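Summary of the model geometry
One-letter residues, chain by chain:
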Amino acid sequence: MIAARIRDAALSLPEVPAYLYDLPALDEHAASVRRAVGATELYYAVKANPDAELLRVLAGHVDGFEVSSGGEHAHVTALFPSKPVALGGPGKTDAELRLPHHRIHVESPNELRRLLATGLPADVLIRINPDLPVEGAALTMSGPFGMDEQGVAECLALFTDRVRLRGVHTHLASGLDSAQLIRLAETLLDNEYEEVNLGGGMAVSYAAPESRFDWAAYGARLEALRKGRRLRIEPGRALTAYCGYYVTKIVDVKRVRGETYAIVLGGTHHLRTPATKGHDQPFTILATGGGQGVTDEPITFVGQLCTPKDVFSRKIRTSARIGDTVVFEMAGAYAWNISHHDFLMHPKPAFHYLRV
Ligand SMILES: *Cc1c(COP(=O)(O)O)cnc(C)c1O
């Protein structure tokens, strides 16, 4: 499943576990997304993966970065002082409300009051939490995010010449395909706002890595719905998920009460994605070990942590030998940066980058 150059790079790593990032592939993917969305502004949601090497590649294609904390703001503005930044996130502190921005996404009337109290100029998108059914999403962002109609009305009365209302921001769910996001956009753009940020949440399928979000269809529909307005999207996962690989190797193969396990170096403290999402992380085995093992049977892949939650994938029919290299795919977003690195104090992975 993986390209030959990924296989070669994985096999030539001096040590595993390691992360391997395919920067040329990221470059190509980001360029194709950029082309597909046309005049819609493209921001990258930094929380998906803030790795500076990835951000440098993305910076050549995106119009700006969406940051959700003072930490992300400092990181991004140090790397790209002139790139526009949209500052979002629930529970902003007074210090965060004072940060320079191209846009700030205000989450509540009281947050807007605290922003006004800074005395600084601001360009605001109010984050709305509309009463819309979002079917088939992996995660929905209802609950505390943004404001209902009452909160919006309260905000509209507060704007001044200095703290300006530019439009609305929405980010309703994650894991939506292009048809679902198009339907949402059609509803969300049925208003008078001159600027609308439609958020991220474009689907990434870990079960079918080859099936990709239809950027061409989404981009074309946004172009038709735009009608002279300023539109923006801020994908995270769908930009960077595919360029990352977590490479490790099998240290033990065992049968316990009828179930076969392959235990790999490292674990979900390096790649938490399958544990948080409860999915099977796609992988390719490079049969280099030649040690003890099993052939063509359902195998559960686990890491070195002393918890039953340290599972990468369950009952996948394959062969596995001690010493084999395992390349977990789709590890470029919400992977290393969301993981609990210090649990059990195993060594940290190295990071390698394939360059153009
Ligand atoms: C997380 C987040 C995104 C990115 O979501 P993806 O599912 O990674 O595309 C965009 N906007 C906001 C406000 C977010 O919280």
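Summary of the structure given here. What you are looking at is a predicted structure, and each value in this text was computed from that prediction instead of being measured.

**Some details on helix α9 (residues 215-226)**
The end-to-end C-alpha distance of α9, which contains twelve residues, comes to 16 Å, matching closely the 16 Å that a straight helix rising 1.5 Å per residue would cover. Turning to α9, its buried residues number three or more, namely Trp215, Tyr218, Gly219, Leu222, Leu225 and Arg226. Taken end-on, α9 shows its buried residues confined to a sector of 130°, consistent with a single buried face. The inward-facing, buried residues of α9 abut α2 (23-37), α8 (178-188), β11 (230-233) and α10 (237-240).

**Observations concerning the site of the ligand**
Every one of the 14 residues lining the ligand counts as a neighbour, but Lys47, Gly201, Glu234, Arg237 and Tyr334 are closest to it. With respect to the ligand, the side chain of Lys47 contributes an N or O atom lying 2.8 Å from an oxygen atom. Contact distances for the ligand include 2.8 Å between an oxygen atom and a backbone N or O atom of Gly201. The fraction of the free accessible surface of the ligand (380 Å²) that becomes covered by protein chains is 92%.

**Points about the packing of aromatic side chains**
Here the distance between the centres and the angle between the planes together describe a pair of aromatic rings. One pass over the full model with this rule turns up 16 aromatic pairs. Aromatic side chains Phe213 and Tyr218 sit 5.6 Å apart centroid to centroid with 80° between the ring planes, which places their arrangement in the edge-to-face category. The residues Phe213 and Tyr218 share a single accessibility class, namely buried. An aromatic cluster is present here, built from Tyr19, Tyr21, Tyr246, Phe283, Phe301, Phe312, Phe328, Trp336, Phe351 and Tyr353 joined pairwise through their rings. For Arg212, the ring lying beneath its charged end belongs to Tyr242, and the centroid distance is 3.4 Å. If you follow Arg232 out to its NZ or CZ, it ends over the ring of Tyr43, 5.1 Å from the centre.

**Some thoughts on the pattern of salt bridges**
Tallying each qualifying case throughout the model produces 20 salt bridges. Across the pair Asp8 and Arg7 runs a salt bridge, and its minimum N-O distance is 3.1 Å. Judged by its relative accessible area of 43%, Asp8 falls in the partly exposed class. When its relative accessible area of 37% is taken as the criterion, Arg7 is described as partly exposed.

Calculation rules
Residues numbered from 1 in each chain as written. Predicted model: local features only at pLDDT ≥ 70, side-chain atom pairs only at ≥ 80, totals over all residues. Heavy atoms only, no water. Helix = DSSP H or I, 4+ residues; strand = E, 2+ residues; numbered from the N terminus. Expected span 1.5 Å × (residues − 1). Buried < 20%, exposed > 50% of the residue type's maximum accessible area, 1.4 Å probe, protein only. Arc of directions from axis to C-beta. Contact = heavy atoms within 4.5 Å. Near = heavy atom within 4 Å. Polar contact = N/O pair within 3.5 Å; in protein donor to acceptor, adjacent residues only side chain to side chain. Areas by Shrake-Rupley, 256 points an atom, 1.4 Å probe, with all protein chains shown as cover. Phe/Tyr/Trp six-rings, centres within 6.5 Å; stacked < 30°, edge-to-face > 60°. Lys NZ or Arg CZ within 6 Å of the ring centre and 35° of its normal. Salt bridge = Lys/Arg side-chain N within 4 Å of Asp/Glu carboxyl O.

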